[in-house]
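# A closer look at the structure
In case you want the letters, here they are:
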Amino acid sequence: AYGQTGSGKTYTMMGNNNDNNFNGIIPYAVRDIFEMKSNFEENDKNVKNIDITMSCMEIYLDSCFDYK
């Protein structure tokens, strides 16, 4: 997410911590990934274990430098 300060980037990505009805993109994606993992492990006899690795990065107060 990229945009001006106060434009709603964090709300869009993370949602509202005080209200579970307003989750952001990241909580929805993580929930769906773990639901799919559970479904595969329960329903597919060939799947014994699925490992999930996730990483996130936040760039805060980023600035560009003009080297001339």
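Look up: the structure comes first, before these words.
Residues numbered from 1 in each chain as written. Predicted model: local features only at pLDDT ≥ 70, side-chain atom pairs only at ≥ 80, totals over all residues. Heavy atoms only, no water.

So, on to the environment of Ile-50. Among the structural elements, Ile-50 can be located in the segment after α2 (25-43). Taking the C-alpha atoms as reference points, Ile-50 and Lys-37, separated by 13 residues in sequence, lie 6.7 Å from one another. Residue contacts for Ile-50: discarding those within four places in its chain leaves Lys-37, Phe-40 and Glu-41. (Helix = DSSP H or I, 4+ residues; strand = E, 2+ residues; numbered from the N terminus. Contact = heavy atoms within 4.5 Å.)

Before going further, it helps to spend a moment on the pattern of salt bridges. Two side chains with opposite charge may pair up if their charged atoms get near one another. Within the structure shown, the criterion is met by 3 salt bridges. Here Asp-32 makes a salt bridge to Arg-31, at a shortest N to O gap of 3.1 Å. Connected via shared salt-bridge partners are Arg-31, Asp-32 and Glu-35. (Salt bridge = Lys/Arg side-chain N within 4 Å of Asp/Glu carboxyl O.)

With that out of the way, let us pick up a nonpolar patch on the surface. Together, Ile-33, Phe-34 and Ile-52 make up an exposed nonpolar region whose accessible area comes to about 250 Å². Position of Ile-33 among the secondary structure elements: in helix α2. Judged by relative accessible area, which is 41%, Ile-33 ranks as partly exposed. (Patch = residues over 30% accessible without salt bridge, like charges linked within 9 Å, V, L, I, M, F, W, Y side chains within 5 Å. Areas by Shrake-Rupley, 256 points an atom, 1.4 Å probe, with all protein chains shown as cover. Buried < 20%, exposed > 50% of the residue type's maximum accessible area, 1.4 Å probe, protein only.)

Attention now goes to the side chain of Lys-37. Tracing the backbone through its elements, the reader meets Lys-37 in helix α2. By relative accessible area, Lys-37 is classed as buried at 18%. Here Glu-41 takes part through its side chain, which lies 3.0 Å from a polar atom of the side chain of Lys-37. Beyond its immediate chain neighbours, meaning those up to four positions away, Lys-37 contacts Ile-50 and Ile-52. (Polar contact = N/O pair within 3.5 Å; in protein donor to acceptor, adjacent residues only side chain to side chain.)

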